[in-house]
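These are the residues of each chain, in order.
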Amino acid sequence: MTQGPGATPHPIPPAVQEAYGPADLGSMPMFAGGFINFGYWQGFDLGRSLTEDDRIGSQLAMYRQALGALVPTEGLRALEVGCGLGAGAAVALEEYGFARVTGMDIHPQQLERARQANSGLLGRRPGRLHFVQGAAEDMPFDDGEFDRVLSVEAAQHFRDLGAFARETARVLRPGGRVAIAGFFVPDAGPARAGRLAELLDSFASGLDVAHTVPLLTGSLERAGLSGVRVTSIGASVWPGWDRWLADAWKPDTWPRNFLRAYREGTLDYFTVTAERPVR
Ligand SMILES: C[S@@+](CC[C@H](N)C(=O)[O-])C[C@H]1O[C@@H](n2cnc3c(N)ncnc32)[C@H](O)[C@@H]1O
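First, a word on scope: everything that follows refers to the structure included in this document. Everything numeric here is computed off the predicted structure, so don't read it as measured data.

### Notes on the nonpolar core
Piece 1. Within the largest apolar cluster, 82 residues are counted, with the highest numbers of intra-cluster contacts made by Ala66, Ala78, Ala92, Val149, Leu150, Trp241 and Phe258.
Piece 2. Of the residues forming this core, the biggest block, seven residues, is contributed by strand β5 (residues 172-184).
Piece 3. Dropping the residues within four chain positions of it, Phe258 is found in contact with Leu200, Trp238, Trp241 and Leu267.

### Regarding the sheet that holds strand β2 (residues 100-105)
Piece 1. One open sheet accounts for seven strands, arranged β3-β2-β1-β4-β5-β7-β6; its pairing is mixed. Strand pairing shows two members of the sheet lacking a second neighbour, β3 (129-133) and β6 (226-232), which therefore form its edges. When the angles between neighbouring strand axes are averaged without regard to direction, this sheet yields 15 degrees.
Piece 2. Here three bridges tie strand β1 (residues 77-81) to strand β4 (residues 146-152), and the two strands are oriented parallel to one another. Paired with Glu80 across the bridge in β4 is Leu150.
Piece 3. Helix-sheet contacts for helix α6 (residues 161-171) involve β1, β4 and β5, and the interaxial angle to β5 is about 150 degrees.

### Examining the site of the ligand
Piece 1. In the region of the ligand, 23 residues are neighbours, and Asn37, Gly82, Gly84, Ala154 and His157 sit closest.
Piece 2. Broken down by class, the residue content of the shell around the ligand amounts to 13 nonpolar, seven polar and three charged.

Analysis parameters
- Residues numbered from 1 in each chain as written.
- Predicted model: local features only at pLDDT ≥ 70, side-chain atom pairs only at ≥ 80, totals over all residues.
- Core = buried A, V, L, I, M, F, W, Y, C linked by C-beta atoms within 7 Å.
- Buried ≥ 20, exposed ≤ 12 C-beta atoms within 10 Å, placed from the backbone.
- Helix = DSSP H or I, 4+ residues; strand = E, 2+ residues; numbered from the N terminus.
- Contact = placed C-beta atoms within 7 Å.
- Pairing = 2+ DSSP bridges.
- Axes fitted to C-alpha atoms, helices over the stretch in contact; angles between N-to-C directions.
- Near = placed C-beta within 6 Å.
- Nonpolar A, V, L, I, M, F, W, Y, C, P; charged D, E, K, R; others polar.

If you want it as structure tokens, here you go:
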């Protein structure tokens, strides 16, 4: 932790600054309901036209599967890394019995939006929901301050997974648990990053980084976390995401090329969990 009163905030990469500042990615109709993730579509009927309610439900379901992987019990303190507009942090507080939920994001404009969108809940649950500016790689919290750490579809933006893993291990108390849901390259194939940049503008522009699963799991283990488990959930993400887009977006456009990358084996969606050992 290098931040404190008057400390310089961690630099925001220019592509992240733009996407979540002026471009306001979360306001695009492909997202909805205050979430910015591709959705978890298990149980949705993909054979019919999908509605905005379906879309919001899919993003809520993404949070619920990630929050379930955290094994929450009553009265814990949770941190969300890359909380975006705060809809998922609100779900965590309202549905999972946490005593306190802290949503952290690197982007000050996202935090303003999160506070505004959740003003009612912030008023109704004083002291139990916080939105704090900070970077995954440099978290403004004390050692062992949290029982649970969650991150949903944000790690593709982190520049340094090793620093994220070290900070996660540091802010978790012994016996604490982390769950990370997001998209990663499934293996360490050397050509994957180039192929992703060909298919997907967000990788070409530097908004997304082609992190591999072995890099993530190795980083968590080197940070001292144990019991690292990786579950592929791509089959419940990409076909539904593509079905949702199909009415408005032509094939071979940015959002629709994610399904192509998945089918080629270049990218998949995972939930990864780990624990901080008790000793
Ligand atoms: C795709 S959005 C996901 C938001 C939310 N988790 C959701 O699923 O609705 C990614 C968020 O991560 C934030 N972010 C990007 N890089 C970050 C970093 N290094 N540390 C913390 N947050 C970061 C962005 O500002 C953005 O709000």
